[in-house]
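Descriptive structure summary
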Amino acid sequence: MGLLLLTAFAALLFGIGVGSVYVPPGDILSIAAGRVFEQPLPEHIPPSYSAMVLDMRLPRVLLAFLTGAALSVCGAVMQSLLQNPLASPFGLGVSSGAGLGAAFVIVLGLASAGLGTFLLPAVSLVFALGTVFFVLLLAAKLDRRMSNVTVILVGMVVSLFCNAVMSLLATGSPAHAQRIQLWQLGSFSMREWSAVWVLFPVTVLVCLYFLRYAGELDVMTFGEEQALSMGVDLGRVKAGLMTAVAVLTGTAVAFVGIIGFVDLIVPHIARRFFGAAHRRTLPACALLGGTFLVLCDLAARTLAPPHEIPIGSITALLGAPFFLYLFFAGRKSE
């Protein structure tokens, strides 16, 4: 865990320093210390570096780290809840619901109507929560015990429906089709400190909530019957944890768009090195996921300058082979 903390810190410095203008790690720390302690910069550091590091690169890198941590932790929780190594919040309809809300705001022209920076994220979060509540309600109607198979199938159907509506909106509004497409691929470009200040407390609080139920998650990993025999209230615990997953994933997606495969890749790597106990796995997922997405964002903005590759494309290039590996490895073990 100590090595992982050092790796995460190094990735943050690397993500901040590398770009069109390279800033050494020592200069980054000097700039940060100067802002915190209100001290003048060393003479060898140009004054323009301070604004570039603190107002442009630092919020972007921190937002990437928080988003990766949020998605990875939610992926680990969903895989344990549904006892499915391929489960993720996206299968629950969270991301597709958030994307549908964003598409409505974009098509109606409200995102640029001077109604505030948080309108699009707020509507996306509301749609994400509404989608999850609808999935849980429909699953409860079909199966009072809300079995894993029922939740997965209902989530897939609702997710496909939301994606279909998004495609119709993009087709019916060619002027906004490109922006909707970019939203579906995710981006950290032009993000400000306001997004960090919102996502940071939500991520911390929801992760603490997950740790509160680490014991229940450990038991539920072995199956629903085992959890029931141990006295776990499956309906209440599932509903509470899935709602928390929706809040955290929806908040992250609302600011940066849909980023896939992070919640699928990282939990498996974390369990490989830290075991299945969630009190260790969840913090490891947060650190690994944040580091992973910081490096992916760095690749997205440096591989093809001056153009920026959508972050979702980078994660998909890495995640798709990993998904196939998990699928065929599972079939081979059976």
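What follows concerns the overall build of the chain. Secondary structure summary: the chain contains 14 helices and zero strands in total. The N-to-C order of helical and strand elements in the chain reads α-α-α-α-α-α-α-α-α-α-α-α-α-α. Taking 334 residues into account, the globule formula puts the C-alpha radius of gyration at 20 Å, and the chain, at 20 Å, falls close to it. Projected onto its principal axes, the C-alpha coordinates of the chain cover approximately 65 × 50 × 35 Å. Out of the 334 residues belonging to the chain, those deemed buried represent 49%. Long-range pairs, those at least 24 residues apart, make up 77% of the contacts in the chain between residues at least 6 apart in sequence. On the chain, roughly 15,900 Å² of surface is accessible, and the fraction owed to carbon and sulfur atoms is 69%. Distance between charge centres in the chain, computed from 18 positive and 15 negative side chains, equals 7 Å.

Looking now at the environment of Phe200. Along the chain, the position of Phe200 falls in helix H8 (residues 193–212). Classification of Phe200 as partly exposed rests on a relative accessible area of 43%. Sequence separation between Phe200 and Thr67 is 133 residues; the distance between their C-alpha atoms is 9.2 Å.

Considering all chains together, one arrives at four aromatic pairs under this definition. Look at Tyr209 and Phe210: their rings are 6.4 Å apart centre to centre, the planes differ by 55°, and that puts the pair in the tilted class.

Another aspect to go through is unusual backbone geometry. Located in the positive-phi region is Glu38, a residue other than glycine, with phi close to 55°. Relative to the assigned elements, Glu38 resides in the loop between helix H2 (25–37) and helix H3 (47–82). Unusually for a residue other than glycine, Phe261 sits at a positive phi of about 75°. With respect to the helices, strands and loops of the structure, Phe261 is situated in the loop between helix H11 (234–256) and helix H12 (262–274).

A few words now on the nonpolar core. Judged by nonpolar contacts, the single largest core of 101 residues is most densely connected at Leu81 and Phe210. Sorting elements by how many residues they give to this core places H3 first, with 20 residues. Excluding its chain neighbours within four sequence positions, the residues that come into contact with Phe210 are Val73, Cys74, Val77, Leu217, Leu241, Ala244, Val245, Leu248 and Leu282.

Right, let's get into the side chain of His278. Note that His278 resides in helix H13 (residues 278–302). For His278, a relative accessible area of 1% translates into the label buried. Setting aside its immediate chain neighbours within four residues, His278 contacts Ala76, Ser80, Leu211, Ala214, Leu217, Asp218, Thr221 and Pro283.

For Leu160, the position within the fold is in helix H6 (residues 148–172). Linking Leu160 and Asp27, residues 133 residues apart in sequence, is a C-alpha distance of 48 Å.

Pairing between side chains of opposite charge can happen when the charged atoms of each approach one another. With the rule as written, the count across this model stands at three salt bridges. Note that Glu308 and Arg60 form a salt bridge whose closest N and O atoms lie 2.8 Å from each other. Taken together, the residues span a long stretch of sequence, with Glu308 in the loop between H13 and helix H14 (311–333) and Arg60 in helix H3 at a distance of 248 residues. Exposure remark for Glu308: the relative accessible area of 32% places this residue in the partly exposed category.

Parameters at a glance
- Residues numbered from 1 in each chain as written.
- Predicted model: local features only at pLDDT ≥ 70, side-chain atom pairs only at ≥ 80, totals over all residues.
- Heavy atoms only, no water.
- Helix = DSSP H or I, 4+ residues; strand = E, 2+ residues; numbered from the N terminus.
- Rg over C-alpha atoms; globule rule 2.2 N^0.38 Å.
- Buried < 20%, exposed > 50% of the residue type's maximum accessible area, 1.4 Å probe, protein only.
- Contact = heavy atoms within 4.5 Å.
- Areas by Shrake-Rupley, 256 points an atom, 1.4 Å probe, with all protein chains shown as cover.
- Lys, Arg positive; Asp, Glu negative; His and termini not counted.
- Charge placed at Lys NZ, Arg CZ, Asp CG, Glu CD.
- Phe/Tyr/Trp six-rings, centres within 6.5 Å; stacked < 30°, edge-to-face > 60°.
- Core = buried A, V, L, I, M, F, W, Y, C linked by side-chain atoms within 4.5 Å.
- Salt bridge = Lys/Arg side-chain N within 4 Å of Asp/Glu carboxyl O.

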